[in-house]
Amino acid sequence: MLQKLEKLYEGKAKRVYRTGRQDQYLVEFKDDATAFNGAKKGTIQNKGALNNQISAVFFQLLEERGIPTHFVELCGEREMLVKSLKIIPVEVVVRNIAAGSLSRRLGLPEGTLLPCPVVEYYYKNDELGDPLINDDHIRALNLAAPRQMERIKEIALAVNAILLDYLSDKEIDLVDFKLEFGLKAGEIVLGDEISPDTCRFWDHKTRERLDKDRFRRDLGSVEGAYEEIFKRLTGKSFNQVQ
Ligand code: TMP
Ligand code: ASP
């Protein structure tokens, strides 16, 4: 029997609990939503359950394609069992289409197709507001070794190729996404979540946003967008499985 023991950590969107197993944690996904480094707060109904189950679909797909992830199994509507990792405090963003901070930084209109995927690194540090950094900053701050960053970039680009292919069948454009990595027995492993909180998903035909930008930008129908992604991935409507 899986035990949910003491809470080890609580972040903006998730809580992590110790389990009876030394090398596995339980992650509970919350309905709380924040944006702009916590300056904007709200709740998205059923977000925890949706992000948990959407992330599980992506992690299983990636594992099948040979990407090492922390995912072990779903163990509740809003809970998954994961391998405990030593988290590397670098957020890795991969972009296929210009949007968000890239559009602002480089003056590229949102929706501009990028001729090659763009990989960026951000220092995971709330006090500093997660600043953009490069390989040298990562080395100077001793966040990860150069060969670890090579492996991280290789995995991030492989994840991009797998997700682009998978999502194009579902009429979803993968605009960009954020990954986090950690170490397990010296190996780089994909952690965190892959969900509409951490990806930009646009409907291929209408370019309607089906992700957290609906919350960030007050576009309305936030829950509906998360449910639509769930439906396109699983073929089932979220209400049916409740
Ligand atoms: P950005 O355009 O705001 O830099 O966001 C790039 C991608 O990273 C987008 O898919 C949303 C995701 N993201 C997070 O997962 N967490 C964050 O804190 C931020 C700022 C972005
Ligand atoms: N998760 C981030 C925060 O709270 C930002 C975002 O997703 O836009 O601030």
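Scroll up to find the structure.
Since the model is a prediction, treat every value here as computed from it, not as a measurement. (Residues numbered from 1 in each chain as written. Chains lettered and ligands numbered in written order. Predicted model: local features only at pLDDT ≥ 70, side-chain atom pairs only at ≥ 80, totals over all residues. Heavy atoms only, no water.)

1. Points about the site of ligand 2
- With respect to spatial proximity, the complete set of residues near ligand 2 consists of Lys12, Thr34, Ala35, Phe36, Asn37, Gly38, Lys212 and Arg216.
- Taking Lys212, its side chain carries an N or O atom lying 2.8 Å from an oxygen atom of ligand 2.
- The side chain of Arg216 places a nitrogen or oxygen atom 2.6 Å from an oxygen atom of ligand 2.
- Coverage of ligand 2 by the protein amounts to 72% of the 260 Å² it exposes when considered alone.
- Applying the majority rule of atoms within 2 Å of the grid points places ligand 2 in the largest pocket.
- Classifying every residue of the shell around ligand 2 gives two nonpolar, three polar and three charged. (Near = heavy atom within 4 Å. Polar contact = N/O pair within 3.5 Å; in protein donor to acceptor, adjacent residues only side chain to side chain. Areas by Shrake-Rupley, 256 points an atom, 1.4 Å probe, with all protein chains shown as cover. 1 Å grid on protein atoms, 1.4 Å probe; cavity = no way out; pocket = protein on both sides within 12 Å on 5 of 7 lines; lining within 4 Å. Sits in = over half its atoms within 2 Å of the grid points. Nonpolar A, V, L, I, M, F, W, Y, C, P; charged D, E, K, R; others polar.)

2. Quick notes on the sheet that holds strand β1 (residues 7-10)
- Across the sheet, five strands lie side by side as β1-β2-β3-β7-β6; this open sheet has antiparallel pairing. The open sheet has two edge strands, β1 and β6 (71-76), and neither has a second partner. The sheet shows a mean angle of 25° between the axes of neighbouring strands, direction not considered.
- Pairing of β1 with strand β2 (residues 14-18), which is carried by three bridges, proceeds in the antiparallel orientation. The residue of β2 that forms the bridge with Lys7 is Tyr17. (Pairing = 2+ DSSP bridges. Helix = DSSP H or I, 4+ residues; strand = E, 2+ residues; numbered from the N terminus. Axes fitted to C-alpha atoms, helices over the stretch in contact; angles between N-to-C directions.)

3. What to know about the pairing of strand β13 (residues 199-203)
- Of all five residues in β13, five are buried; the element is thus mostly enclosed.
- Residue alternation in β13 divides its side chains into two sets, Cys199, Phe201 and Asp203 and Arg200 and Trp202, and both sets are buried.
- One ladder, built from five bridges, connects strand β11 (residues 172-184) with β13; its direction is antiparallel. In the sheet register, Leu174 faces β13, and the bridge partner there is Phe201. (Buried < 20%, exposed > 50% of the residue type's maximum accessible area, 1.4 Å probe, protein only.)

4. What to know about the site of ligand 1
- Around ligand 1, the structure places 14 residues, and the nearest of them are Arg95, Ser101, Asp176, Lys178 and Arg200.
- In the model, an oxygen atom of ligand 1 is placed 2.9 Å from a nitrogen or oxygen of the Arg95 side chain.
- Between ligand 1 and Ser101, the relevant distance is 2.6 Å, taken from an oxygen atom to a side-chain nitrogen or oxygen of the residue.
- When ligand 1 sits alone it has 450 Å² of accessible area, and the protein chains cover 76% of it.
- Judged by the fraction of its atoms near the pocket grid, ligand 1 is located in the largest pocket.
- When contributions to the shell around ligand 1 are tallied by element, the ones reaching two or more residues are β8 (86-97), α2 (100-106), β11 and β13.
- Broken down by element, the shell around ligand 1 gets its largest block of residues, three residues, from β11.
- Residues of the shell around ligand 1, tallied by class, amount to five nonpolar, three polar and six charged.

What is shown is where atoms sit, not what they do.
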